[in-house]
Amino acid sequence: LGNAELGAFSEPLRWSPLTATGFLLALVSVLWAYDGVTPVCAVAGEIRDPQRNMPRALLTGVAIVASIYLAINVAYLWVLPLEVVQRSPMVASDAVGQVLGGGGSALIAGLVMVSTFGALAALAVSDPRVFFAMGRDGNFFRATSRVHPRFQTPHVAVAVAGLVACIYASIRTFEELAATFVLGLVPFYALAVAAVWRLRAKRPELPRPYRTFGYPWVPLFYIAGIAVLMVNALLETPGIALLNVGISLAGIPVYFIWKRRRGAG
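Below is a short write-up of the structure. The shown structure was predicted, so the numbers you read here are calculated from the model rather than taken from an experiment.

The rules behind each value
Residues numbered from 1 in each chain as written. Predicted model: local features only at pLDDT ≥ 70, side-chain atom pairs only at ≥ 80, totals over all residues. Heavy atoms only, no water. Helix = DSSP H or I, 4+ residues; strand = E, 2+ residues; numbered from the N terminus. Buried < 20%, exposed > 50% of the residue type's maximum accessible area, 1.4 Å probe, protein only. Contact = heavy atoms within 4.5 Å. Areas by Shrake-Rupley, 256 points an atom, 1.4 Å probe, with all protein chains shown as cover. Lys, Arg positive; Asp, Glu negative; His and termini not counted. Charge placed at Lys NZ, Arg CZ, Asp CG, Glu CD. Core = buried A, V, L, I, M, F, W, Y, C linked by side-chain atoms within 4.5 Å. Salt bridge = Lys/Arg side-chain N within 4 Å of Asp/Glu carboxyl O.

## Description of the overall build of the chain
Line of reasoning, step 1. When its secondary structure is counted, the chain shows 12 helices and zero strands.
Line of reasoning, step 2. Taken from N to C terminus, the helices and strands of the chain fall in the order α-α-α-α-α-α-α-α-α-α-α-α.
Line of reasoning, step 3. Once the C-alpha set of the chain is aligned to its principal axes, its extents read approximately 75 × 45 × 40 Å.
Line of reasoning, step 4. Classification of the 265 residues of the chain by burial places 20% in the buried group.
Line of reasoning, step 5. Partitioning the contacts of the chain with sequence separation of at least 6, the portion at a separation of at least 24 is 55%.
Line of reasoning, step 6. Accessible surface for the chain amounts to roughly 18100 Å². Of this, 71% is attributable to carbon and sulfur atoms.
Line of reasoning, step 7. Considering the chain, the positive charge centre built from 21 side chains and the negative charge centre built from 13 side chains are found 19 Å apart.

What follows is the structure, given as structure tokens:
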């Protein structure tokens, strides 16, 4: 290694964020990396013994992926200066290239592409289940609930999800997509967690094979964290945050109009 490379190893890292608002804004992109666990929930209806297997899959999967993700990021910061990481569009390739040269950089770039296609394949199987369930329950076009006669897959829902993804990818950068994705979903995650309180109050007789750990403090802590994240996003990136809020609020009248028309039909 040359002097520049050795300097990358010897440069100390500052682990404390410069500002709290900047840390919360960076956390949006980090949450996008961790959001890969949620598609498992979309296929819960097709899993055997979900009360037993879903918690195991979620806890084990999150622990393994989080450990690998954190270890890889520590390796990036060990090899590359923080300023280089901030500017690099392909951190993994640059980090390996710093150690192994151009051949290693090309190899890692290829492996990242393979990993990306693997993630897309998993999402193509899981995410369209949301459109499928909405169509089956009468909350979306009924055609999205169709199942392919040979492959037994929700082929229409898969096509719709792919079309929506292509449109978004054509009009947004990666950073904008990540921020839009996270800021558009986390409020609904908070609502899903808040539904635990409502269901316990309104339907105490329902069977609950899995009970929330640390209830009610864990759900309260989660919702408070989401609220802080959203308020910070509204202040720091008002364009993307307000766009997501606007789309979500527009869905409220659309939902009631849709239900009324379905009921009238």
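More follows now that the structure is in view.
## Some points on the environment of Ala124
Line of reasoning, step 1. Mapped onto the secondary structure, Ala124 falls in helix 7 (residues 102-126).
Line of reasoning, step 2. Between the alpha carbons of Ala124 and Arg150 there is a distance of 18 Å; along the sequence they are 26 residues apart.

## Brief notes about the side chain of Asn232
Line of reasoning, step 1. By the element assignment, Asn232 lies in helix 11 (residues 217-236).
Line of reasoning, step 2. On the basis of relative accessible area, Asn232 is assigned to the buried category, the value being 6%.
Line of reasoning, step 3. Asn232 has contacts with Thr21, Leu24, Leu25 and Thr237, leaving out every residue within four places of it along the chain.

## What about the nonpolar core?
Line of reasoning, step 1. Core analysis: the largest hydrophobic core is formed by 12 residues, namely Val28, Ala179, Val182, Leu183, Val186, Ala190, Ile226, Leu229, Met230, Ala233, Ile240 and Ala241.
Line of reasoning, step 2. At the level of elements, helix 10 (174-202), helix 11 and helix 12 (238-264) are the ones that each hand at least two residues to this core.
Line of reasoning, step 3. For this core, the leading source of residues is helix 10, giving five residues.
Line of reasoning, step 4. Ignoring anything within four residues of it in the chain, the contact list for Val182 reads Val28, Leu31, Trp32 and Pro187.
Line of reasoning, step 5. Counting eight residues, the second largest nonpolar core, distinct from the first, contains Tyr76, Leu77, Val79 and Val91.

## Thoughts on the pattern of salt bridges
Opposite charge on two side chains allows them to pair when their charged atoms are near.
Line of reasoning, step 1. Counted by the stated rule, this structure contains two salt bridges.
Line of reasoning, step 2. The shortest N-O distance in the salt bridge between Arg136 and Asp137 comes to 3.5 Å.
Line of reasoning, step 3. Using a relative accessible area of 49% as the deciding quantity, one classes Arg136 as partly exposed.
Line of reasoning, step 4. We note a salt bridge from Arg203 to Glu205, for which the minimum N-O separation is 2.6 Å.

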